[in-house]
Amino acid sequence: MSASSFLVTAMRRGCTRTLRRPFPMVQSCLLSTQQPISAARLPCRVKVSAGKRYAWCACGHSKKQPFCDGAHVKKAPTILPLRFTPDKDQTVMLCACKQTKNSPYCDGSHFRVIFQDIVKKVKGVFK
């Protein structure tokens, strides 16, 4: 990939500050993701306590899934964790694929993620 294509990609991702810096800085800017990554294909079953504050990892980079450990600061600075407080003690399914429309709770979007993975693998077999 040429330097000009890195600059175009950096501009599309909002990394315009890298235009004034040398080429290696553009690469480091491209390493930070603007979209969440899937931490797992299935949701996490978690017991939550009423009144306790939780921070759900929205970026997918946390090592303490499904909760945030601050990894987004370096790897996905534009994606912040979702803070929530449950109303009652219960066991919930928290999304780990990061594609849910009902954050932080699972809505079944992981089936689409799994299907997309299968399609990619099948296409790879026939290449």
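Keep in mind the model is a prediction, meaning the values are calculated, not measured.

A. Structural view of the UniProt feature "domain: Iron-binding zinc finger CDGSH type" (unreviewed entry) in the chain. UniProt's feature table lists "domain: Iron-binding zinc finger CDGSH type" (unreviewed entry) at residues 41-78 and 79-116, given in the numbering used throughout. As a span, residues 41-78 carries 11% helix and 21% strand, and end to end its C-alpha atoms are 23 Å apart. Secondary structure across residues 79-116 divides into 18% helix and 21% strand, with the first and last C-alpha atoms of the span separated by 23 Å.

B. Region of interest: empty space enclosed by the protein. Taken as a whole and assessed by the stated rule, the structure comprises 1 cavity of 30 Å³ or more. Estimated volume of the largest cavity: approximately 40 Å³. Along its surface, the largest cavity is lined by R41, L42, P43, C95, A96, C97, C106, D107, G108, S109 and H110. Taken together, the residues that form the lining of the largest cavity break down as 6 nonpolar, 3 polar and 2 charged.

C. View of a nonpolar patch on the surface. A cluster of nonpolar side chains, I118, V122, V125 and F126, forms an exposed patch at the surface whose accessible area comes to about 450 Å². With respect to the helices and strands, the residue F126 is situated in the segment after α4 (110-125).

D. How the structure looks around the packing of aromatic side chains. Considering all chains together, one arrives at 3 aromatic pairs under this definition. Seen from their ring centres, Y54 and F84 are 5.6 Å apart, and the 25° between their planes marks the pair as stacked. Placement of Y54 in strand β2 (residues 54-56) and of F84 in strand β3 (residues 82-84) is noted, with a sequence separation of 30 residues between them. Residue classification places F84 among the buried positions, given a relative accessible area of 9%.

Cut-offs used in this document
- Residues numbered from 1 in each chain as written.
- Predicted model: local features only at pLDDT ≥ 70, side-chain atom pairs only at ≥ 80, totals over all residues.
- Heavy atoms only, no water.
- UniProt positions renumbered as here; feature names shortened; annotations may be inferred.
- Helix = DSSP H or I, 4+ residues; strand = E, 2+ residues; numbered from the N terminus.
- 1 Å grid on protein atoms, 1.4 Å probe; cavity = no way out; pocket = protein on both sides within 12 Å on 5 of 7 lines; lining within 4 Å.
- Points joined across faces, edges and corners; volume = space filled by probe spheres on them.
- Nonpolar A, V, L, I, M, F, W, Y, C, P; charged D, E, K, R; others polar.
- Patch = residues over 30% accessible without salt bridge, like charges linked within 9 Å, V, L, I, M, F, W, Y side chains within 5 Å.
- Areas by Shrake-Rupley, 256 points an atom, 1.4 Å probe, with all protein chains shown as cover.
- Salt bridge = Lys/Arg side-chain N within 4 Å of Asp/Glu carboxyl O.
- Phe/Tyr/Trp six-rings, centres within 6.5 Å; stacked < 30°, edge-to-face > 60°.
- Buried < 20%, exposed > 50% of the residue type's maximum accessible area, 1.4 Å probe, protein only.

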